Amino acid sequence: MMTNPAGRITQGQFSFLPDLTDAEITLQIEYGLNRGYAWSVEYTDDPHPRNTYWELFGMPMFDLKDAAGVLMELQNCRKTFPNHYIRLIAFDSTRGVESIGMSFIVNRPKVEPGFQLERQESVSRTLRYTTRGYAANAPEGERYGN
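Keep in mind that what you see is a predicted model, and the values were worked out from it rather than measured.

**Overview of the overall build of the protein**
The secondary structure content of the protein amounts to two helices and six strands. Walking the protein from its N terminus toward its C terminus, one meets helices and strands in the order α-β-β-α-β-β-β-β. Taking all 146 residues of the protein together, the buried fraction comes to 38%. In the form shown here, the protein has an accessible surface area of approximately 9,500 Å², with 52% of it arising from carbon and sulfur atoms.

As structure tokens, this is what we get:
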């Protein structure tokens with residue numbers, strides 16, 4: 001059974017939907033701001049499922065109350081890293097700890113090569129699996145073209 005026929009990276013909310021427009025992204029940012037979330041922009045060229053720590057673009061926007069400011073930071077990140085994965089993260093600090101309230105991808109490379117599943121047989125018929133991104137064969141910064 002194929003659950004992801006498009007072969008797109010599926011991390012965070014809205015992953016199985018078509019890419020969000022800037023107007024739809026703005027609505028999500030406003031929703032988070034109304035809940036008291038603080039937004040930040042992150043990017044990577046290694047979207048492996050276990051790579052949860054992406055690079056932070058700029059500083060987290062704890063004091064920002066306007067969605068236009070978050071969208072401006074997103075646009076700056078898109079200009080700087082047009083061929084990277086970019087996601088928005090909303091931090092919820094209402095319980096006294098910073099925890100992620102929302103997370104979704106807002107930029108993708110034109111071509112997403114996907115992942116290779118390597119099967120390894122071990123003692124006593126034990127099977128181990130490793131997931132490796134095809135893009136990881138290229139050096140960092142050159143994985144998705146110019």
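The rest of the description comes next.
**Things to note about the sheet that holds strand S1 (residues 38–44)**
The strand order across the open sheet formed by four strands is S2-S1-S3-S4, and the pairing between neighbours is antiparallel. Each having just a single partner strand, strand S2 (55–61) and strand S4 (99–107) make up the two edges of the open sheet. Strand-to-strand, the axes of this sheet are offset by a mean angle of 20 degrees, without reference to chain direction. Judged from the seven bridges that link them, S1 and strand S3 (residues 85–92) form a sheet pairing that is antiparallel. Paired with Thr44 across the two strands is Tyr85, which belongs to S3. Here helix H1 (residues 22–34) sits on the sheet in contact with S1, S3 and S4, set at roughly 170 degrees to S4. Across the sheet, helix H2 (residues 67–80) is in contact with S1, S2, S3 and S4; its angle to S2 comes to roughly 165 degrees.

**Notes on the side chain of Thr26**
You can see Thr26 is positioned in helix H1. Of the polar contacts made by the side chain of Thr26, one reaches the backbone oxygen of Asp22; its length is 2.8 Å. Residues contacting Thr26, with those up to four places away along its chain left out, are Ala67 and Leu71.

**Notes on the nonpolar core**
Among soluble globular proteins, nonpolar side chains are generally buried collectively. Membership of the largest hydrophobic core comes to 21 residues, with the highest contact counts inside it found for Ile25, Ile29, Trp39, Leu88 and Phe104. Residue assignment for this core shows that the elements contributing at least two residues are H1, S1, S2, H2, S3 and S4. For this core, the leading source of residues is H2, giving five residues. Dropping the residues within four chain positions of it, Phe104 is found in contact with Gln13, Phe14, Leu20, Ile25, Gln28, Trp39, Ile86, Arg87 and Leu88.

**Looking at the packing of aromatic side chains**
On inspection of all chains with the given rule, the structure shows five aromatic pairs. When the centroid spacing of 6.4 Å and the interplanar angle of 80 degrees are considered together, the rings of Tyr43 and Phe57 count as edge-to-face. On the criterion of sequence distance, the pair formed by Tyr43 in strand S1 and Phe57 in strand S2 is long-range, its members being 14 residues apart. As far as the burial class goes, Tyr43 and Phe57 line up, both buried. Centroid distance Phe57 to Phe81: 6.4 Å. Interplanar angle 90 degrees. Geometry classified as edge-to-face. A residue pair is termed long-range when its members are at least 10 positions apart, and Phe57 in strand S2 and Phe81 in the loop between H2 and S3 qualify at 24 residues. You can call Phe57 buried: its relative accessible area is 15%. Ring pairs connect the aromatic residues Phe14, Trp39 and Phe104, which therefore count as one cluster.

Cut-offs applied
- Residue numbers restart at each chain and count upward from 1, following the sequence in its written direction.
- Confidence filtering applies because this is a predicted model: local features only for residues at pLDDT of at least 70, side-chain atom pairs given and counted only at 80 or more, and all residues used for totals across whole chains, interfaces and linings.
- Only hydrogens and water are removed before side-chain values are computed, so all heavy atoms of the structure are retained for them.
- In DSSP terms, a helix is any run of H or I states spanning at least four residues, a strand is any run of E spanning at least two, and both are numbered starting from the N terminus.
- Any residue under 20% of the maximum accessible area for its type is buried, any over 50% is exposed, and the rest in between are partly exposed; the area is computed with a 1.4 Å probe on protein chains only.
- For the area figures, the Shrake-Rupley method with a 1.4 Å probe applies, and any residue is considered shielded solely by the protein chains shown.
- For two strands to be treated as a pair, DSSP must find no fewer than two bridges joining them.
- To obtain an axis, a line is fitted to C-alpha atoms, over the contacting stretch when the element is a helix, and the angle between two such axes runs from 0 to 180 degrees between their N-to-C directions.
- By definition, residues are in contact when any of their heavy atoms lie within 4.5 Å.
- A 3.5 Å cut-off defines polar contacts: any pair of N or O atoms within that distance qualifies, except that in protein one atom must be a possible hydrogen donor and the other a possible acceptor, and neighbouring residues in sequence count only when both atoms are side-chain atoms.
- For our purposes a nonpolar core is just a set of buried Ala, Val, Leu, Ile, Met, Phe, Trp, Tyr and Cys residues, chained together by side-chain atoms within 4.5 Å.
- Think of it this way: a Phe, Tyr or Trp ring, Trp meaning its six-membered ring, pairs with another when their centres are within 6.5 Å, and the plane angle makes it stacked under 30 degrees, edge-to-face over 60, tilted otherwise.

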